[in-house]
Amino acid sequence: MSPDDSTAPVGTPGAAAGRTGRTRLLLGLALALVVAVAGFLVLGGGGDSEATGPDCVSDEVSLTTAPVMAPLVEEAVEAVNADEPCIDIQVTTGTVKDVVALLGDPEAQLPELWIPDSPTWKGQLSSAGFTGTPIADVLAQTPVGLVGGPAAKAPASWAAVLDGGSLAMADPSAEGASALALLAPYAEMKKTGETPVTIEEKTVPVAQTYGERAVSGGATETDLDAVTASSTQLVPATEQAYLAARRGNDQLSLVAPRTGVPMLRFPMVAVTRGNMDVLSTGRDVSARVGRALTRWFTSSAGVEAIAAAELRGPGGEPLPNEIGLGSAALLSTVAQKTTDDTLRQWRVLSVPSSILAVVDLSGSMKTALGDTTRIGLAVQASQLALDAFPAQARIGIWGFSKNRGENGASWAEYAALDRLDAAAGDAGTHGDVVRKEAGALVGRVRGATGLMDTTLAAYKHAQEEWDPAWFNSVVIFTDGASDDSSSLSLEALINQLKSIRDPAKPVKVIIIGISQDSDTGELEQIAAATGGQNYLVNNPNQILGVLASALLNR
């Protein structure tokens, strides 16, 4: 019988010897296989010459960084890869606008790590169903000032700039410096005495101007290279951007409002869908990479690189020799809710306006009101409102009282609904016509109040002229309800407004009551039938607040 006979009884010397032979053979084969595989890897087999050994598991982490931070991130990645050779850190550059553009695409691949360039990043992620968890609150930072021509002077405050007509804004949801220019008035409120309401009022003209520019296809980004010796506008820009641009444009000057300047901070953020926290998950490779990159920014090499890029470190110390904004006072950071609310308001306020202004010209509008009359107040308010709108806004003027128009109609058109910058022949522009006709309304007061018929006619006209690029509305200035017995009843008007209201082509009726005598009960019902609002104005300066409120309630 052979020594390895499998039929040998268990426990016999022959069986033991057979098992020993087979064991030695198997061990020898296994050892040879290990040696062969090891030799294959050492010689570079397997197609991965970067692998450092059999324990190296390749992992990929994606990171998107603000463009200004890209050179620093590249240095940081190189340093981290020296310690983490098996992790492939894929770096791309992109602004907040670029990353936010991906949020609405379910097929898009968002970065796991993000270094944003705007304080609006958190709210914009959240609104799209994503979460951003800061791994580092500040890697580097740079203050924001105002860039103008050689004659630019430091304004008293950011609110003053917002109100002065010289602010050239980019889209604050896409550009960090403009976002901070919009938020700065809130950060300085204790110094200026402004309130959220007065800041909203000051924002209306700036937002409307931006909106008209966007709708007409004009530039929605700021360009420091376009600033010349004769420039009168002030452009929000970071200290770093100004220093870089000035090398190619010596006409630039950087000024800081006397209340102080906001700081644009560059955090390191872990991006996840929903409420998942990458920092507490089992697979936290991206968080580990984020922490390693953060440590590099605080190392001596990182500190030197930040300074070389003309950025400030986490401590915010001024750049050497007081270049840029030097030791200008720093404004505090506003609450996240203020940031989110302000950006939301901007989006609404920047939709350009198409307004058919309908002014009560009945006899009661001659009634004295302080040092003016009700019609005087209405005209002053309308003229202030005109100044708040850019040249591309569409504005028309009707007047109403009993038997004012053709064939006994209660209304008459004094300026067609058209863009203010439209040519009007010898009269100049349509804006010139609107201002002239508004001023002439004081001398046209007579008759009873034909409110109901006029409201229905104006609403139908606004529907006919409806344009999707504008916020379409009818704004009625009146001192009370209709006293024209031949006019529609309140019930009939409301029923007709509701029946012709088209959600696909929204037009809102906004009623501005002149004086305490205005019948707010009836006026509120009329406005509500179209989704509009009713307001009371006692002096012309309240009109901007009304406009801001009306626009925000779209």
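Let us look at the structure shown here. Predicted model, so just to flag it, every value in this text is computed and none were measured.

Conventions we followed
- Residues numbered from 1 in each chain as written.
- Predicted model: local features only at pLDDT ≥ 70, side-chain atom pairs only at ≥ 80, totals over all residues.
- Heavy atoms only, no water.
- Helix = DSSP H or I, 4+ residues; strand = E, 2+ residues; numbered from the N terminus.
- Contact = heavy atoms within 4.5 Å.
- Pairing = 2+ DSSP bridges.
- Axes fitted to C-alpha atoms, helices over the stretch in contact; angles between N-to-C directions.
- Buried < 20%, exposed > 50% of the residue type's maximum accessible area, 1.4 Å probe, protein only.
- Core = buried A, V, L, I, M, F, W, Y, C linked by side-chain atoms within 4.5 Å.
- Expected span 1.5 Å × (residues − 1).
- Polar contact = N/O pair within 3.5 Å; in protein donor to acceptor, adjacent residues only side chain to side chain.
- Phe/Tyr/Trp six-rings, centres within 6.5 Å; stacked < 30°, edge-to-face > 60°.
- Lys NZ or Arg CZ within 6 Å of the ring centre and 35° of its normal.
- 1 Å grid on protein atoms, 1.4 Å probe; cavity = no way out; pocket = protein on both sides within 12 Å on 5 of 7 lines; lining within 4 Å.
- Points joined across faces, edges and corners; volume = space filled by probe spheres on them.
- Nonpolar A, V, L, I, M, F, W, Y, C, P; charged D, E, K, R; others polar.
- Arc of directions from axis to C-beta.
- Parallel < 35°, antiparallel > 145°, perpendicular 65-115°, else oblique.
- Left-handed = near helix turned anticlockwise from the far one by under 90°.

### Side note on the overall build of the protein chain
Part 1 of the reasoning: Per the secondary structure count, the protein chain includes 18 helices and 15 strands.
Part 2 of the reasoning: Pairs at least 24 residues apart make up 78% of the contacts formed inside the protein chain by residues separated by at least 6 positions.

### Thoughts on the sheet that holds strand E8 (residues 353-360)
Part 1 of the reasoning: Sheet architecture is open: 6 strands sit in the order E12-E11-E8-E13-E14-E15, paired in mixed fashion. This sheet does not close on itself; its edge strands, each paired only once, are strand E12 (411-419) and strand E15 (534-537). Taking the axes of each pair of neighbouring strands and ignoring which way they run, one obtains an average angle of 15 degrees across the sheet.
Part 2 of the reasoning: Pairing of E8 with strand E13 (residues 471-478) involves 7 bridges; the strand directions are parallel. Bridge pairing links Val358 to Ile476 in E13.
Part 3 of the reasoning: With respect to the sheet, helix H14 (residues 430-440) is in contact with strand E11 (394-400) and E12, its orientation differing from that of E12 by roughly 150 degrees.

### Overview of the side chain of Thr455
Part 1 of the reasoning: Mapped onto the fold, Thr455 is located in helix H15 (residues 451-464).
Part 2 of the reasoning: Given the relative accessible area of 0%, Thr455 is considered buried.
Part 3 of the reasoning: If sequence neighbours within four positions are ignored, Thr455 has contacts with Ile476, Leu493, Leu497 and Ile526.

### A closer look at the nonpolar core
Part 1 of the reasoning: Core analysis: the largest hydrophobic core is formed by 91 residues, its most contacted members being Met69, Met268, Phe297, Ile375 and Phe477.
Part 2 of the reasoning: Non-local contacts of Met268, meaning those with residues more than four positions away in its chain, are made with Leu63, Leu113, Trp114, Ile115, Thr133, Pro134, Ile135, Ala136, Leu139, Gly290, Leu293 and Thr294.
Part 3 of the reasoning: Listed in part, the 24 residues of the second largest apolar core include Met452, Leu456, Val474 and Ile511.

### Here's the deal with helix H6 (residues 176-187)
Spacing of three or four residues puts side chains on the same side of an α-helix, whose turn is 3.6 residues.
Part 1 of the reasoning: Here H6 contains 12 residues, and its C-alpha end-to-end distance of 16 Å stays within 8% of the 16 Å for a straight helix at 1.5 Å per residue.
Part 2 of the reasoning: Buried residues dominate H6, accounting for 11 of its 12 residues.
Part 3 of the reasoning: Those residues of H6 that sit buried are Gly176, Ala177, Ser178, Ala179, Leu180, Ala181, Leu182, Leu183, Ala184, Pro185 and Tyr186.
Part 4 of the reasoning: Where H6 begins, the side chain of Glu175 points an oxygen toward the backbone nitrogen of Ala177, at a separation of 3.4 Å.

### Things to note about the packing of aromatic side chains
Part 1 of the reasoning: Applying the stated criterion across every chain, the model contains 3 aromatic pairs.
Part 2 of the reasoning: When the centroid spacing of 5.1 Å and the interplanar angle of 85 degrees are considered together, the rings of Trp296 and Phe297 count as edge-to-face. In terms of burial, Trp296 and Phe297 fall into one category: buried.
Part 3 of the reasoning: Residues Trp398 and Trp411 carry aromatic rings whose centres are separated by 6.1 Å and whose planes lie at 10 degrees to one another, so their mutual orientation is stacked. In this pair, Trp398 is assigned in strand E11 and Trp411 in strand E12, connecting sequence segments 13 residues apart.
Part 4 of the reasoning: Owing to a relative accessible area of 6%, Trp398 belongs among the buried residues under this scheme.
Part 5 of the reasoning: The cationic tip of Arg394 hangs over the ring face of Trp470; the distance from NZ or CZ to the ring centre is 5.2 Å.

### Focus: empty space enclosed by the protein
Over the atoms rolls a probe the size of a water molecule, and its path tells where empty space is left.
Part 1 of the reasoning: Taken as a whole and judged by the stated rule, the model has 4 cavities of 30 Å³ or more.
Part 2 of the reasoning: Lining the largest cavity we find 17 residues, and of these Ile355, Ala357, Ser382, Ala385 and Phe477 sit closest to its centre.
Part 3 of the reasoning: When its residues are assigned to classes, the lining of the largest cavity shows 16 nonpolar, 1 polar and no charged.

### Examining helix H12 (residues 336-349)
Part 1 of the reasoning: Between the first and last C-alpha of H12 there are 20 Å, a value that for 14 residues agrees with the 20 Å anticipated at 1.5 Å per step.
Part 2 of the reasoning: Considered for burial, the residues of H12 that qualify are Thr339, Thr342, Leu343, Gln345, Trp346 and Leu349. Around the axis of H12, the buried residues are gathered within 160 degrees of arc, so they sit on the same side.
Part 3 of the reasoning: Looking at the buried residues of H12, the elements they touch are helix H4 (121-127), H6, helix H8 (196-215) and helix H18 (543-552).

### What to know about the pairing of strand E7 (residues 263-273)
Part 1 of the reasoning: When you tally the buried positions in E7, you get 9 out of 11 residues, the bulk of the element.
Part 2 of the reasoning: Pairing geometry for strand E3 (residues 113-115) and E7, over 2 bridges, is antiparallel. Of the residues in E7, the one forming a bridge with Trp114 is Val269.
Part 3 of the reasoning: In the sheet, strand E4 (residues 130-148) pairs with E7 via 10 bridges, with the strands oriented antiparallel. Within E7, the position partnered with Pro134 by the bridge is Val269.

### Here we look at the packing of H8 against H18
Part 1 of the reasoning: Axis separation between H8 and H18 bottoms out at 8 Å; the angle between their running directions is 65 degrees. As far as their axial angle goes, H18 and H8 are roughly perpendicular. Where H8 crosses over H18, the two elements pack in a sense that is left-handed. Here Glu200, Glu201, Val204 and Gln208 of H8 lie close against H18, whose contacting residues are Leu544, Gly545, Ala548, Leu551 and Leu552.
Part 2 of the reasoning: Of the residues that constitute the contact of H8 with H18, the class distribution is 5 nonpolar, 2 polar and 2 charged.

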